[in-house]
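A structural walkthrough
Take a look at the letters that make up each chain.
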Amino acid sequence: MRIFISHATKNKEVVLKFAEFLESVSSEIEVFCSSENGSIKVGKDFIKTIFEELNSSALFIPVLSKEYYESRFCMIELGVAYSYFFNKYEKEGEEYIMPFALHPVTRGQALSGTPMANIQTGEMNDEDDIKSLLEYLSAEKGVHIGAGVNRKLHSFKAELDQIFLTKQNIVELARIGTYFDDSIDFKRKEDVVSYSVKDNAIIVNYNVNPYEKMEHSC
């Protein structure tokens, strides 16, 4: 069974890990994602190859992330794939698109406000959602899932967590502030602390001594 994974280039590391996991649980699964080396041969027409892959795939998995929404090509690809698979499989009542949200995008946000809002979305870092995908492949597509799935799933989740941890932006996560004792007079509380960012580190500067009473200015 061939699965087409649509993703933003900036999410390549996560998506290739996901593709590797899917192919590891069954020899019957073959994943196409355009960022994988050798997936599109030198000299081949990119757009034509995408359509050929859509035609030969039985399932389309868009990995919905902030970067995905920012990519016009990804959004066009999603619309084209939805239309293509709808016409190909809807009359048989088959499921053909299984979206997965990538942190920090949540399943509730992923397709909200779009014509695809009724499609159930999973979350990439949720093991139960990944298991649901595997159960679908087994029950509905007849894919034989091999032994050791739980171990492989735990390993994939650990790799995913490590990628997210490495890519965390310390500035976005940090909350810079100061504890103020209202019994102490300050000319301006915002002068007590300032911060600057250098090489993804935060340098905190105290401009006054918060334990010394300051004179009032007239």
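Please refer to the structure placed before this passage.
Here's what I pulled together on the structure shown here. Just so you know, these numbers come straight off a predicted model, no measurement behind them.

Structural notes on helix α4 (residues 72–89)
- Over its 18 residues, α4 runs 26 Å from end to end, which matches the ideal 26 Å to within 8%, given 1.5 Å per residue.
- If you check which residues of α4 are buried, you get C74, E77, L78, A81, F85 and Y89. Each buried residue of α4 sits inside an arc of 100 degrees when the element is viewed along its axis, so together they form one side. Facing away from the buried side of α4 by over 90 degrees, the exposed positions are R72, I76 and N87.

Side note on the pattern of salt bridges
- Scanning the entire structure with this criterion turns up seven salt bridges.
- Put simply, E53 and R2 hold a salt bridge, and the shortest N to O gap is 2.7 Å. Here E53, found in helix α2 (residues 46–56), pairs with R2, found in strand β1 (residues 2–6); they are 51 residues apart in sequence, far enough to count as distant.
- Overall, the relative accessible area of 12% leaves E53 in the buried class.
- The salt bridge partner of K157 is D161, with a shortest N-O separation of 3.1 Å. Of this pair, K157 and D161 both sit in helix α7 (residues 149–167), four residues apart, roughly one helical turn.
- Among the residues examined, D161 registers a relative accessible area of 35% and is labelled partly exposed.

Conventions used here
- Residues numbered from 1 in each chain as written.
- Predicted model: local features only at pLDDT ≥ 70, side-chain atom pairs only at ≥ 80, totals over all residues.
- Heavy atoms only, no water.
- Helix = DSSP H or I, 4+ residues; strand = E, 2+ residues; numbered from the N terminus.
- Expected span 1.5 Å × (residues − 1).
- Buried < 20%, exposed > 50% of the residue type's maximum accessible area, 1.4 Å probe, protein only.
- Arc of directions from axis to C-beta.
- Salt bridge = Lys/Arg side-chain N within 4 Å of Asp/Glu carboxyl O.

That's the geometry; what it means functionally is another story.
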